[in-house]
Amino acid sequence: QAQLVESGGGLVQAGGSLRLSCAASGRTFSNYAMGWFRQAPGKEREFVATVSWNGGSTVYADSVKGRFTIARDNAKNTVYLQMNSLKSEDTAVYYCAAGSTGSAWYSSTRRVAYWGQGTQVTVSS
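This write-up is about the structure you can find in this document. (Residues numbered from 1 in each chain as written. Predicted model: local features only at pLDDT ≥ 70, side-chain atom pairs only at ≥ 80, totals over all residues. Heavy atoms only, no water.)

## Concerning the overall build of the chain
Right, so step 1: Helix and strand counts for the chain come out as zero helices and eleven strands.
Right, so step 2: In sequence order, the chain lays out its α and β elements as β-β-β-β-β-β-β-β-β-β-β.
Right, so step 3: Since a compact globule built from 125 residues should have a radius of gyration of about 14 Å, the 13 Å found for the chain is in line with a globular shape.
Right, so step 4: Considered along the principal axes of its C-alpha atoms, the chain spans approximately 40 × 25 × 25 Å.
Right, so step 5: For the chain, the proportion of its 125 residues judged to be buried stands at 42%.
Right, so step 6: Here the contacts in the chain between residues at least 6 apart in sequence split such that 59% fall between residues at least 24 apart.
Right, so step 7: Total accessible area on the chain stands at roughly 6300 Å², and carbon and sulfur atoms take up 44% of it.
Right, so step 8: Charged side chains of the chain number 12 positive and 7 negative; the gap between the two group centres comes to 5 Å. (Helix = DSSP H or I, 4+ residues; strand = E, 2+ residues; numbered from the N terminus. Rg over C-alpha atoms; globule rule 2.2 N^0.38 Å. Buried < 20%, exposed > 50% of the residue type's maximum accessible area, 1.4 Å probe, protein only. Contact = heavy atoms within 4.5 Å. Areas by Shrake-Rupley, 256 points an atom, 1.4 Å probe, with all protein chains shown as cover. Lys, Arg positive; Asp, Glu negative; His and termini not counted. Charge placed at Lys NZ, Arg CZ, Asp CG, Glu CD.)

Quick look at the structure:
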């Protein structure tokens, strides 16, 4: 059982930065990988990044590699997504995801045990 609550979304100009946070409760947070996915209107939910249980491994989508950084603080039961050099195509609802194992993974939603409710990120051009 887990509950995930995202924060940090909002409106930002192209080229700007935002940091999303996801606070977890109700589960042994440090045992599991965590991730971020995003979904724009009319599109499938898209993989963004994941991080392993101890932060030792990360996986990124090509579209965000070099611009976004995923990190976690197990003492705070929190995972972060630092988003830099934002583009209009980054506009989406961003969802925090708790993995079913401790390993970082690429793309598959089958590895997601729990989802947050999402936070809107809008990048203006």
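Now, onward.
## What about the nonpolar core?
Note that soluble globular proteins tend to have their nonpolar side chains buried in a common cluster.
Right, so step 1: Within the largest apolar cluster, 34 residues are counted, with the highest numbers of intra-cluster contacts made by M34, W36, V79, L81, M83 and Y94.
Right, so step 2: Of all the elements in the fold, those that place two or more residues in this core are β3 (18-25), β4 (34-39), β5 (46-51), β7 (68-73), β8 (78-83), β9 (92-99) and β11 (119-124). (Core = buried A, V, L, I, M, F, W, Y, C linked by side-chain atoms within 4.5 Å.)

## Comments concerning the pairing of strand β1 (residues 3-7)
Right, so step 1: Side chains L4 and E6 of β1 all project onto a buried face; the interleaved residues Q3, V5 and S7 project onto a face where none is buried.
Right, so step 2: As judged from the five bridges shared by β1 and β3, these two strands associate in the antiparallel manner. When the sheet's bridge partners are listed, E6 is paired in β3 with C22. (Pairing = 2+ DSSP bridges.)

## Digging into the sheet that holds β1
Right, so step 1: Strand order in the open sheet formed by four strands is β1-β3-β8-β7, with antiparallel pairing between adjacent strands. A single partner strand is all that each edge strand has here, and the edge strands are β1 and β7. In this sheet, adjacent strand axes meet at a mean angle of 15° when their direction is disregarded.
Right, so step 2: Of the pairings in the sheet, the one linking β7 to β8 comprises six bridges and is antiparallel in character. Of the residues in β8, the one forming a bridge with A71 is Y80. (Axes fitted to C-alpha atoms, helices over the stretch in contact; angles between N-to-C directions.)

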